[in-house]
Amino acid sequence: GNSCFDCKIWAKKGYIPKHFAIYRYEENMKEYFSRYKFMEIIVLEKYFNKKLKQFKVFLKKGYILVPVPLSEERLEERGFNQVKGLLEGIPYKNIFEKREIEKQSSRTREERLSQDNSFSLKKGIELPSKIIIIDDIYTTGSTLYQMVKLLEDLDVKEVLTFSLAR
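The present account deals with the structure reproduced in this document. Worth saying up front: this structure is predicted, and the values here are computed from it rather than measured.

Side chains of residues three or four places apart in an α-helix project in the same direction, reflecting 3.6 residues per turn. Its twelve residues place the ends of helix α8 (residues 142–153) 16 Å apart at the C-alpha level, agreeing with the 16 Å of an ideal helix rising 1.5 Å per residue. Counting buried residues along α8, nine of its twelve residues qualify, which places the element largely inside the surrounding structure. Listing the buried residues of α8 in full gives S142, T143, L144, Y145, Q146, M147, V148, L150 and L151. Directly after α8, the chain includes D155, whose backbone phi takes a positive value near 65°.

Before going further, it helps to examine the pairing of strand β6 (residues 158–165). With respect to burial, β6 is a largely interior element, seven of its eight residues being buried. Judged from the seven bridges that link them, strand β5 (residues 130–137) and β6 form a sheet pairing that is parallel. In the sheet register, I132 faces β6, and the bridge partner there is L160. Chirality of the crossover, the property in question, places the unit of β5, α8 and β6 among those that are right-handed.

Below, the discussion takes up the packing of aromatic side chains. Scanning the entire structure with this criterion turns up two aromatic pairs. For the pair F58 and Y63, a centre-to-centre distance of 5.5 Å together with 80° between the ring planes defines the contact as edge-to-face. The same class applies to F58 as to Y63, namely buried. Here the aromatic rings of F96 and F119 are separated by 6.3 Å at their centres, their planes lie at 70°, and the arrangement is edge-to-face. Here the residue F96 occupies a position in strand β3 (residues 96–98), and F119 occupies one in strand β4 (residues 119–121), the gap between them amounting to 23 residues. One exposure class covers both F96 and F119, and it is buried. The lysine or arginine in question, K61, covers the ring of F58, its NZ or CZ lying 5.8 Å from the ring centre. The side chain of K130 reaches across the aromatic face of Y63, ending 4.7 Å from its centre.

The next point concerns the nonpolar core. Core analysis: the largest hydrophobic core is formed by 18 residues, its most contacted members being F96, I131, I133 and L151. Take this core: its biggest share by element is six residues, from α8. Membership of the second largest hydrophobic core comes to eleven residues, among which are Y63, V83, I134 and F162.

Moving on: the environment of E26. Relative to the elements of secondary structure, E26 occurs in the loop between β1 (19–23) and α2 (27–39). In the structure, E26 is positioned 140 residues away from R166 in sequence and 8.3 Å away in space, judged by C-alpha atoms.

So, how was this worked out
In every chain, residue numbers begin from 1 and rise along the written sequence. Only residues with pLDDT of at least 70 are given local features in this predicted model, and only at 80 or more are side-chain atom pairs given and counted; all residues enter the totals for whole chains, interfaces and linings. In computing side-chain values, all of the structure's heavy atoms are included and hydrogens and water are not. Helix and strand definitions here come from DSSP, where helices need a minimum of 4 consecutive H or I residues and strands a minimum of 2 consecutive E residues; each element is numbered from the N-terminal end. By this rule the span expected of a helix is its residue count minus one, scaled by 1.5 Å. Burial classification: accessible surface area is computed with a 1.4 Å probe over protein chains only, and a residue below 20% of its type maximum counts as buried, one above 50% as exposed, and the rest as partly exposed. Any two strands with at least two DSSP bridges between them are considered paired. Throughout, right-handed denotes a crossover for which the path from the first strand over the helix to the second runs clockwise when the strands point away from the viewer. Pairing of aromatic side chains here covers Phe, Tyr and the six-membered ring of Trp, requires ring centres within 6.5 Å, and sorts the geometry by plane angle: under 30 degrees stacked, over 60 edge-to-face, intermediate tilted. Here, a charge over a ring is recorded when the distance from Lys NZ or Arg CZ to the ring centre is within 6 Å and its angle to the ring normal is within 35 degrees. Only buried residues count toward a nonpolar core. Its members are Ala, Val, Leu, Ile, Met, Phe, Trp, Tyr and Cys residues joined through side-chain atoms within 4.5 Å.

Right, here's the structure in full:
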């Protein structure tokens with residue numbers, strides 16, 4: 001039907017994204033996010049946080065929210081994890097670790113879509129059966145795909161993905 005370009009590429013690989021987002025990632029949004037990511041404007045965080053209260057619906061249905069992890073290097077460079085900022089006051093569980101591969105934004109779309117999985121599960125994690133992976137911006141979907149694939153290979157029953165913008 002009306003699935004987007006990325007979804008069609010993913011479908012060929014046998015992956016049907018179950019993804020939802022609040023905003024379209026257009027010019028205003030890009031401006032917003034560059035401020036948000038790199039200047040850490042608390043006001044924006046509060047604003048987005050209100051939007052995320054809708055997660056409570058999923059929590060009631062038994063889903064566990066899982067943020068996309070930042071690698072240690074990225075965290076040091078940036079000083080904060082914007083995805084965790086979005087989840088302030090909402091229960092979530094960290095189950096992933098990320099190995100540092102070069103910065104996603106410095107890679108071409110093709111490189112992103114074909115890269116090896118840079119995520120692994122933390123040791124000793126008990127996997128929930130219903131998970132929503134949370135990210136701030138959906139670009140090619142490759143980050144979320146890697147995590148979904150990992151979880152599906154480990155027999156997690158239901159995996160949804162969410163981003164503020166796409």
